[in-house]
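An overview of the molecular structure
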Amino acid sequence: MSDIIALDHVDVTFHPEKNQEVKAVQDVSLHVAKGDVYGVVGYSGAGKSTLVRTINLLQKPTQGRIEVNGTVLFDDQKQQISNKELQEKRRKIGMIFQHFNLLDETTVVENVMFALKHSKLKEKEVQAKAEKLLDLVGLSDKAKAFPAQLSGGEKQRVAIARALANDPDILISDEATSALDPQTTNQILDLLKDLNEKLSLTIVLITHEMDAVKRVANKIAVMEYGKIIEQGTLHDIYLKPQQELTRQFVGGSLAAIDTLRAYNLEQLSASQRLYQLVFSAKNVGESVIISLYKECGVDVSMLYGNVEVLGNEPVGTLFVIVEGTDEQHAKALKYLKEKEIEVTQIDDRGIWHD
Ligand SMILES: Nc1ncnc2c1ncn2[C@@H]1O[C@H](COP(=O)(O)OP(=O)(O)OP(=O)(O)O)[C@@H](O)[C@H]1O
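Computed from a predicted model, the values in this text were never measured in an experiment.

Some remarks on the domain arrangement of the protein chain
Domain boundaries in the protein chain define domain 1 (3-242) and domain 2 (252-353). The distance between the C-alpha centroids of domain 1 and domain 2 comes to 39 Å. Each partner contributes residues to the interface: domain 1 has nine residues there, and domain 2 has 14 residues. By the criterion of area lost to domain 2, the three top residues of domain 1 are Lys214, Tyr238 and Leu239, representing 47% of everything that side buries. The interface formed by domain 1 and domain 2 includes one salt bridge. For Glu308, the salt bridge is made with Lys214, and the minimal N-O distance between the two is 2.6 Å. Viewed at the interface, domain 2 and domain 1 are joined by three residue pairs in polar contact (both at pLDDT 80 or more). Those elements that place two or more of their residues in the side of domain 1 that touches domain 2 are helix H7 (210-216) and helix H8 (234-239). The element contributing the most residues to the side of domain 1 that touches domain 2 is H8, with four residues. A per-class count over the side of domain 1 that touches domain 2 returns four nonpolar, two polar and three charged.

Given below as structure tokens:
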């Protein structure tokens, strides 16, 4: 799959006052493939919004290269297309925000129609399109309501319909679920996932909530102090977080670390090894521990176990101590590999320790 967004070596530096410098984004490269739901996570102030606003040049970078949908928008410290072209490109990048940004004085359907004011469609066609979009986001019955009469989730649905008005290829969601309760958050995230699949919409999702990313994203970048400190597939970032901050975001792994620290793992004998086993959906139900004993002769004690749903797929994680001879260990590893279970040996200096 080709990249629909390619940010390369992007810097954004602000000078809020004379002699003051805020390096909000520093040497960030981010490549988003068509059809990705790319989660950008990090604490407040990490630079997520600033970075993502460079995608449509709402924020011009200080340095770096921005290419979107095959067009270079920014390079050599300057905009590479005319303002008019940029405006057209921007219409193909929808945005939704935490506070919805609806026009309070106009109805729901008019809010969506407003986004089509530049289109070549006739008034009737604009209205028909807005109604169709409201139907797509499940809000047909609220077309004539005013924003003040809607719940937070409904307001966000209007904002999504409006963001889709110009048939964008990309949707940027900047903390769009942060003001919503957990159940409504999940409904909005499921809607985004549905739109991603139905419309082949590429989504960049900025959030400080790992659960949101876990539910819908296929890739993640973790930001801290203006830099991406870790990026990869949801599966890899979630199950093998390398950086302390990533581990903090990945709740499941924190629980695993706490549990492992409660054991005195320095006391493993020469014949014992600590492994992390990761099961995908197809083998999550297998009785691996018993099979390892039966097939390979090793003793297996379980320290920690958990099943997470990543995207729609259950993924199981076990931390086990396997005890046996070198030969038995080799046999056990071969067996696990055949079963397509990912195995990581964790040593005393391993990733789960300070
Ligand atoms: N226009 C600006 N002028 C000066 N500094 C800015 C400007 N915009 C952002 N910053 C600073 O850049 C840094 C990154 O801000 P940014 O909003 O991108 O972070 P964020 O990760 O999106 O956090 P949040 O979720 O709180 O918005 C912060 O230190 C912020 O104060």
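There is more to say after this.
Some words on the nonpolar core
Counting residues in hydrophobic clusters, the biggest one holds 55 residues, and the most contacted among them are Ile96, Leu134, Ile160, Met210, Val213 and Ile220. In terms of domain composition, this core takes at least three residues from each of domain 1 (3-242) and domain 2 (252-353). Contacts of Met210, omitting those with residues within four sequence positions, involve Val41, Ile220, Tyr238, Phe249 and Val250. Val40, Ala46, Phe74 and Ile172 belong to the second-largest nonpolar core, a separate cluster that totals 31 residues.

Observations regarding the side chain of Thr202
The topology assignment puts Thr202 in strand S9 (residues 202-207). Residue classification places Thr202 among the buried residues on the basis of a relative accessible area of 0%. Of the polar contacts made by the side chain of Thr202, one reaches the backbone nitrogen of Gly35; its length is 2.9 Å. Each residue touching Thr202, except ones within four places of it in the same chain, is listed here: Ile4, Val32, Ala33, Lys34, Gly35, Asp36, Asp169, Ile170 and Leu171.

Re the sheet that holds strand S8 (residues 170-174)
In space, the six strands of this open sheet follow the order S7-S8-S9-S3-S10-S11, with mixed pairing throughout. The strands lining the two open edges of the sheet, one partner per strand, are strand S7 (93-97) and strand S11 (227-233). Across the sheet, the mean angle separating the axes of adjacent strands is 15° when strand polarity is ignored. Across five bridges, the pairing between S8 and S9 is parallel. Note on S9: the bridge partner recorded for Ser173 is Leu205. Contacts from helix H6 (residues 182-199) reach strand S3 (37-41), S7, S8 and S9 within the one sheet, and its direction differs from that of S9 by about 155°.

Describing the site of the ligand
Near the ligand the following residues occur: Phe14, Val22, Ala24, Tyr43, Ser44, Gly45, Ala46, Gly47, Lys48, Ser49, Thr50 and Glu175. One nitrogen or oxygen atom from the side chain of Ser44 is found 2.5 Å from an oxygen atom belonging to the ligand. A distance of 2.8 Å is found between an oxygen atom of the ligand and a backbone nitrogen or oxygen belonging to Ser49. Contact with the protein chains covers 59% of the free accessible surface of the ligand, which is 620 Å². For the shell around the ligand, the element with the highest residue contribution is helix H1 (residues 48-53), accounting for three residues. For the shell around the ligand, the residue count by class is five nonpolar, five polar and two charged.

Describing the sheet that holds strand S4 (residues 63-68)
Read from one edge to the other, the open sheet built from five strands follows the order S2-S1-S4-S5-S6, with strand pairing classed as antiparallel. Sheet topology places strand S2 (22-33) and strand S6 (78-79) at the edges, where each strand pairs with a single neighbour. Judged from the two bridges that link them, strand S5 (residues 71-75) and S6 form a sheet pairing that is antiparallel. Along S6, the bridge assignment pairs Asp75 with Lys78.

Criteria and thresholds
- Residues numbered from 1 in each chain as written.
- Predicted model: local features only at pLDDT ≥ 70, side-chain atom pairs only at ≥ 80, totals over all residues.
- Heavy atoms only, no water.
- Domains from an automatic or database assignment.
- Contact = heavy atoms within 4.5 Å.
- Buried area = accessible area lost by both parts, 1.4 Å probe.
- Salt bridge = Lys/Arg side-chain N within 4 Å of Asp/Glu carboxyl O.
- Polar contact = N/O pair within 3.5 Å; in protein donor to acceptor, adjacent residues only side chain to side chain.
- Helix = DSSP H or I, 4+ residues; strand = E, 2+ residues; numbered from the N terminus.
- Nonpolar A, V, L, I, M, F, W, Y, C, P; charged D, E, K, R; others polar.
- Core = buried A, V, L, I, M, F, W, Y, C linked by side-chain atoms within 4.5 Å.
- Buried < 20%, exposed > 50% of the residue type's maximum accessible area, 1.4 Å probe, protein only.
- Pairing = 2+ DSSP bridges.
- Axes fitted to C-alpha atoms, helices over the stretch in contact; angles between N-to-C directions.
- Near = heavy atom within 4 Å.
- Areas by Shrake-Rupley, 256 points an atom, 1.4 Å probe, with all protein chains shown as cover.

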